[in-house]
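# Results of the structural survey
Each chain, written out:
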Amino acid sequence: MEPVRERLIRVTFNADVHSSIQWNFRPQQSEIYVVPGETALAFYKAKNPTDKPIIGISTYNVIPFEAGQYFNKIQCFCFEEQRLNPHEEVDMPVFFYIDPDFVEDPKMAKVDLITLSYTFFEAKEGQKLPLPGYQ
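For every chain, the first residue of the written sequence is number 1, and numbering continues from 1 onward in sequence order. Selection of residues for local features in this predicted model requires a pLDDT of at least 70, selection of side-chain atom pairs for listing and counting requires 80 or more, and totals for whole chains, interfaces and linings are taken over all residues. Hydrogens are left out, water is left out, and the side-chain values use all remaining heavy atoms of the structure.

## With respect to the packing of aromatic side chains
Each Phe, Tyr or Trp ring, with Trp reduced to its six-membered ring, pairs with another whose centre is within 6.5 Å; inter-plane angles below 30 degrees give stacked pairs, above 60 give edge-to-face pairs, and intermediate values give tilted ones. Throughout the structure, instances matching the rule amount to 13 aromatic pairs. With centroids separated by 5.3 Å and ring planes inclined at 20°, the aromatic side chains of Phe25 and Tyr44 adopt a geometry described as stacked. Here Phe25, found in strand E2 (residues 24-27), pairs with Tyr44, found in strand E4 (residues 39-47); they are 19 residues apart in sequence, far enough to count as distant. Residues Phe25 and Tyr44 agree in their burial class; the two are buried. A connected cluster of aromatic rings, assembled from ring pairs, spans Phe13, Trp23, Phe25, Tyr44, Tyr60, Phe71, Phe77, Phe96, Tyr118 and Phe120. Under the DSSP-based scheme used, a helix requires at least four consecutive residues in state H or I and a strand at least two consecutive residues in state E, with every element numbered from the N terminus. Summary of the burial criterion: residues with accessible area below 20% of their type's maximum are buried, those above 50% are exposed, and those between are partly exposed, where the area comes from a 1.4 Å probe applied to protein chains only.

Set out below in structure tokens:
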């Protein structure tokens, strides 16, 4: 995979929590600059400020939606249960790259900003994780 140095992309980070979970969750950086074909590492921080353990699970999305097919996560905390003990705070890494084919797609010609957004939900036994776009 060859980096495409002449195409710089700003990646911004967003963090949300569903009303079902009492966590503090935020990105540790607001943005980073990457070039397609080069790996990047970003971090989110989650804290359980309560006096009881809470298990959370996250979903993510990429905006603009069309850029999502080129946004590849190598390591991510999404779709896996994360248990935080009372008052525990953890760093959650996201290791990713943007596929170099991004620069060949005419629909991506004017895209120089991509937002990676995560939402955490409380994981409860028998509860189904909402998956956007699927019934």
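Read on for the rest.
## As for the nonpolar core
Nonpolar side chains tend toward joint burial in soluble globular proteins. Of all hydrophobic cores here, the largest spans 34 residues; its most connected members are Tyr44 and Phe96. Of all the elements in the fold, those that place two or more residues in this core are strand E1 (9-17), strand E3 (31-34), E4, strand E5 (54-63), strand E8 (89-98) and strand E9 (113-122). Ranked by the residues each element gives to this core, the list is headed by E8, at five residues. For this analysis, a nonpolar core means a set of buried residues of the types Ala, Val, Leu, Ile, Met, Phe, Trp, Tyr and Cys, connected via side-chain atoms within 4.5 Å.

## Here we look at the sheet that holds E9
By definition, two strands form a pair when at least two bridges between them are found by DSSP. Taken in spatial order, the five strands line up as E3-E1-E9-E5-E7 in an open sheet, and their pairing is mixed. Because the sheet does not close on itself, it has two edges, and the strands there are E3 and strand E7 (82-84). Going from strand to strand, the sheet's axes swing by 30° on average, the running direction of each strand aside. Sheet topology note: the E1/E9 ladder contains eight bridges and is parallel. The residue of E9 that forms the bridge with Val17 is Phe120. Each axis is a line fitted through C-alpha atoms, and for a helix only the stretch in contact is used; angles between axes span 0 to 180 degrees, taken between their N-to-C directions.

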